[in-house]
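If you want the building blocks of each chain, they are given just below.
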Amino acid sequence: MSETARTIRTIDDVLTLLDGLFAPGADRWTEGGADWWDGFYADRDKPVPFFVAKPDENLVSYVERGLIPAGGKVLDLGCGPGRNALYLAAAGFDVTAVDLSPTAIAWAEERARDTGAEGLRFVRGDAFTAALDGPYDLVYDSGCFHHLPPHRRVSYLALLDRALAPGGHFALTAFAAGEGGMGSELPDADFYRDGKLHGGLAYTDTSLRTVFADLTEIELRRMRAQSAASPAFGESFLWTGLFRR
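Heads up: these notes are all about the structure in this document.

Conventions adopted
- Residues numbered from 1 in each chain as written.
- Predicted model: local features only at pLDDT ≥ 70, side-chain atom pairs only at ≥ 80, totals over all residues.
- Heavy atoms only, no water.
- Phe/Tyr/Trp six-rings, centres within 6.5 Å; stacked < 30°, edge-to-face > 60°.
- Helix = DSSP H or I, 4+ residues; strand = E, 2+ residues; numbered from the N terminus.
- Buried < 20%, exposed > 50% of the residue type's maximum accessible area, 1.4 Å probe, protein only.
- Salt bridge = Lys/Arg side-chain N within 4 Å of Asp/Glu carboxyl O.

## A word on the packing of aromatic side chains
Phase 1: In total, this model carries 21 aromatic pairs according to the counting rule given.
Phase 2: Judged by centre distance (5.3 Å) and plane angle (50 degrees), the ring pair of phenylalanine 145 and phenylalanine 212 falls under tilted. Highlighted residues: phenylalanine 145 in the loop between β4 (136–142) and α6 (153–163) and phenylalanine 212 in the loop between α8 (205–211) and β6 (216–222), separated in sequence by 67 residues. For the pair formed by phenylalanine 145 and phenylalanine 212, the shared burial category is buried.
Phase 3: Ring geometry for phenylalanine 170 versus phenylalanine 212: centroids 4.9 Å apart, planes at 50 degrees, classification tilted. A residue pair is termed long-range when its members are at least 10 positions apart, and phenylalanine 170 in strand β5 (residues 164–175) and phenylalanine 212 in the loop between α8 and β6 qualify at 42 residues.
Phase 4: A relative accessible area of 0% means that phenylalanine 170 is categorised as buried.
Phase 5: Judged by relative accessible area, phenylalanine 212 falls into the buried class, the value being 2%.
Phase 6: The rings of Trp36, Trp37, Phe40, Tyr41, Phe50, Phe51 and Trp107 are connected pair by pair, giving a single aromatic cluster.

Right under this line is the structure:
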């Protein structure tokens, strides 16, 4: 009779075990998810709303209203083609932008070269394990958090705890519940039964406040939809939130 391995000793061991309950194609949050995102970003002409080279309207609003102190260090989580990172760099911030996908990073770097952007660097890797040079005055997440399975909220909060400077700000956009398919509203446990995330998790304002209860809420509202002519990106199926440590 072969010996059954009993190797779980740490929280990281538990998180890795739970990662493994999802089908390989569902994994979009660890190094193994890079291939999926590469395929997603390969066709730049796809009608994906956030492929536009425009910053989030809420981010622009925070900067213009002075809710985020100017000139600080920023970590852009899941930066994709770099639209928010480029905006922040142009506004005078020192930006580190990280993404799993080499294809997304290559696109972001191309945009940076085309615009002559300075004050930013791109990192290809898993934000949970990458060597990032924090602490940061702002951690910004436009659409990364809602692609995490429930157990990886633990990793996410740990990342904020080590990366965010005292008094620093955290801001995100995330799928809003009740939007007819933009994010799943299944209970957390059902994702493990199904072995997939159904395109991402939808959140209510109450659930976001619960997850980020250790931070001080500055603003939590729906994103304001923007027209094609607007210099900013905005879709009403997203929550936007700004918190302070």
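After that view of the structure, there is still more to cover.
## Remarks on the pattern of salt bridges
Phase 1: The final tally for this structure, using the stated rule, is 13 salt bridges.
Phase 2: In this structure, the salt-bridge partner of arginine 221 is glutamate 57, at a minimum N-O distance of 2.8 Å. One end of the pair, arginine 221, is in strand β6; the other, glutamate 57, is in helix α3 (residues 57–64), and 164 residues separate them in sequence. The pair formed by arginine 221 and glutamate 57 is uniform in burial state, with each residue classed as buried.
Phase 3: Here glutamate 219 makes a salt bridge to arginine 65, at a shortest N to O gap of 3.0 Å. In this pair, glutamate 219 is assigned in strand β6 and arginine 65 in the loop between α3 and β1 (73–77), connecting sequence segments 154 residues apart.
Phase 4: What makes glutamate 219 buried here is its relative accessible area of 16%.
Phase 5: Judged by relative accessible area, which is 45%, arginine 65 ranks as partly exposed.

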